[in-house]
Amino acid sequence: MKKLYGIYLQIFWSLLGLKNEKGFSTKSVHAGEFIEKESGAVIVPIYQTSTFLYPREDKPEAESYIYTRIRNPTLEAAEKKIAALEGAEAGLVFSSGLSAIHATLSYFLKPGDHIIYINDVYGGTEVQLKLLEKYGIERTQVIIESDFDALLDAIRENTKLIYFETPTNPLLRITDIKEVAKIAKEHGIITVVDNTFATPINQQPLLLGIDVVVHSVTKYLNGHSDIIGGAIVGPANYMSEMLQLRRAFGGIMDPFAGFLLLRGMKTLAVRMAMHNKNGMAIAEFLEDHPKIERVYYPGLTSHISHEIAKKQMRGYGGMVSFEVKGNAEETYHFMKNLKIATIAVSLGLFHK
Ligand SMILES: Cc1ncc(COP(=O)(O)O)c(C=O)c1O
């Protein structure tokens, strides 16, 4: 009888189109978590160990932990949580966002390949992309947004990868993810999106056709200004091969940072809801302010790509860029007189 009731319940959910799919708040809290068997601890412990008992008599090598540069249970819990939130098959964490980006680029690119990337990428990413020249990788920078002619013009025989952020750092430009993914697929090109600014709560590029998503988890995902970290999510076959690259290059996250990341992500959905609300309120306030020249926020109808943003995002985040009316000195004066905001680099933190 109980079994029958369960089947009816499943049919009911399926009819509603919900298919037992868990919401973002539930995934933020529960995905990837496990109860440690020995003690029954309800929080995933920090497996602060460099090495593990190996070989094990009770486990095959493929299932064993060997050495933390390869795999670690605390980090795997964080990887599963990020993958669940992004709708990915698997994920990997790294010692920084740039380390995750480096692993992704070195996995896909080889000498003689060509990469197209959006203008207005994060400065550190651009430095890295320029360094690729040293390894014989050609690059073209284009403004994509909705100008697909520029993108099509840039595609060559040897184009292997299209890399972009949306929204971008710092000008919050928006690119139509679905369109770029479609063009790339037609040309057999891999797509990589840096989803740091949106987070999976506001946008899931993999579900729009993108191959791999990278993150600086230093920002919203951890959200508490106390770690540096990165992540990659995507298909399981890519992730298992990239794990071998991470093992070879040694860019894995530290277990303590992994623990803080796991804790930070538990509140991701609620933090993002508040960031979205506050970001919109500040953008609207600044847009109407006589001393503000221009506001860049994808949630504003005045934003050049608002319609695209509306189509692919569920919220617009807590980052607002704007220009103060006046010269550099007056702008500096404005910054110096801010009462609550902290003047510092980074973003997506609870106290900005
Ligand atoms: C969009 C974006 N991607 C990547 C990075 C690099 O991340 P990390 O500082 O964790 O290496 C940053 C850093 O600000 C960023 O803003």
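Please refer to the structure placed before this passage.
**Student:** Kindly report on the overall build of the protein, identifying the contributing residues and their values.
**Tutor:** Helix and strand counts for the protein come out as 13 helices and nine strands. For 352 residues, the compact-globule formula gives about 20 Å, and the C-alpha radius of gyration of the protein, at 22 Å, lands near that figure. The C-alpha extent of the protein, read off along each of the three principal axes, is 70 × 50 × 45 Å. For the protein, the residues scored as buried account for 49% of the 352 residues in total. If you take every contact in the protein between residues at least 6 apart in sequence, the share linking residues at least 24 apart comes to 70%. As presented, the protein carries roughly 18300 Å² of accessible surface, and 58% of it is formed by carbon and sulfur atoms. Counting 38 positive and 39 negative side-chain charges, the protein places the averaged centre of each group 6 Å from the other.

**Student:** Give a detailed account of the packing of aromatic side chains, specifying residues and quantitative values.
**Tutor:** According to the stated counting rule, one finds seven aromatic pairs in the structure shown. A ring pair is formed by Phe34 and Tyr47, whose centres lie 6.4 Å apart and whose planes are at 35 degrees; its orientation type is tilted. With Phe34 in the loop between α2 (24-30) and α3 (73-86) and Tyr47 in the loop between α2 and α3, this residue pair connects regions lying 13 residues apart in the sequence. Judged by relative accessible area, Phe34 falls into the partly exposed class, the value being 29%.

**Student:** Run through the pairing of strand β4 (residues 159-165), naming residues and quoting values.
**Tutor:** Taken across its seven residues, β4 has six buried, putting it largely inside the fold. Bridge count between strand β2 (residues 114-118) and β4: four bridges; the pairing is parallel. In the strand pairing of β4, Ile115 is matched with Leu161. Here β4 runs beside strand β5 (residues 190-194); their pairing, made up of five bridges, is parallel. Note that in β5 the partner of Leu161 across the bridge is Ile190. In this fold, β4 hands off to helix α7 (residues 177-186), which returns the chain to β5; that crossover is right-handed.

**Student:** Give a detailed account of helix α13 (residues 328-336), specifying residues and quantitative values.
**Tutor:** Here α13 lies mainly on the outside; zero of its nine residues are buried. Of the residues that open α13, the one with a side-chain oxygen 3.2 Å from the backbone nitrogen of Glu329 is Asn327.

**Student:** Quick rundown of the pattern of salt bridges? Include the residues and the values.
**Tutor:** This structure, assessed with the given rule, holds 12 salt bridges. Here Glu76 and Arg71 are joined by a salt bridge, their closest N and O atoms 2.5 Å apart. Each member of the pair Glu76 and Arg71 is classed as buried. Residues joined by salt bridges that share partners form a network here, namely Glu33, Lys81 and Lys266.

**Student:** Describe the site of the ligand, naming the residues involved and giving the relevant values.
**Tutor:** The environment of the ligand is made up of 14 residues, and the closest members are Gly97, Asn169, Asp194, Ser216 and Thr218. Taking Gly97, its main chain carries an N or O atom lying 2.9 Å from an oxygen atom of the ligand. At 2.7 Å, a side-chain N or O of Thr218 approaches an oxygen atom of the ligand. Looking at the shell around the ligand, the element that brings in the most residues is helix α4 (residues 97-108), giving three residues. Per-class residue counts for the shell around the ligand are four nonpolar, seven polar and three charged.

Scoring rules and cut-offs
- Residues numbered from 1 in each chain as written.
- Predicted model: local features only at pLDDT ≥ 70, side-chain atom pairs only at ≥ 80, totals over all residues.
- Heavy atoms only, no water.
- Helix = DSSP H or I, 4+ residues; strand = E, 2+ residues; numbered from the N terminus.
- Rg over C-alpha atoms; globule rule 2.2 N^0.38 Å.
- Buried < 20%, exposed > 50% of the residue type's maximum accessible area, 1.4 Å probe, protein only.
- Contact = heavy atoms within 4.5 Å.
- Areas by Shrake-Rupley, 256 points an atom, 1.4 Å probe, with all protein chains shown as cover.
- Lys, Arg positive; Asp, Glu negative; His and termini not counted.
- Charge placed at Lys NZ, Arg CZ, Asp CG, Glu CD.
- Phe/Tyr/Trp six-rings, centres within 6.5 Å; stacked < 30°, edge-to-face > 60°.
- Pairing = 2+ DSSP bridges.
- Right-handed = clockwise from strand over helix to strand, strands pointing away.
- Polar contact = N/O pair within 3.5 Å; in protein donor to acceptor, adjacent residues only side chain to side chain.
- Salt bridge = Lys/Arg side-chain N within 4 Å of Asp/Glu carboxyl O.
- Near = heavy atom within 4 Å.
- Nonpolar A, V, L, I, M, F, W, Y, C, P; charged D, E, K, R; others polar.

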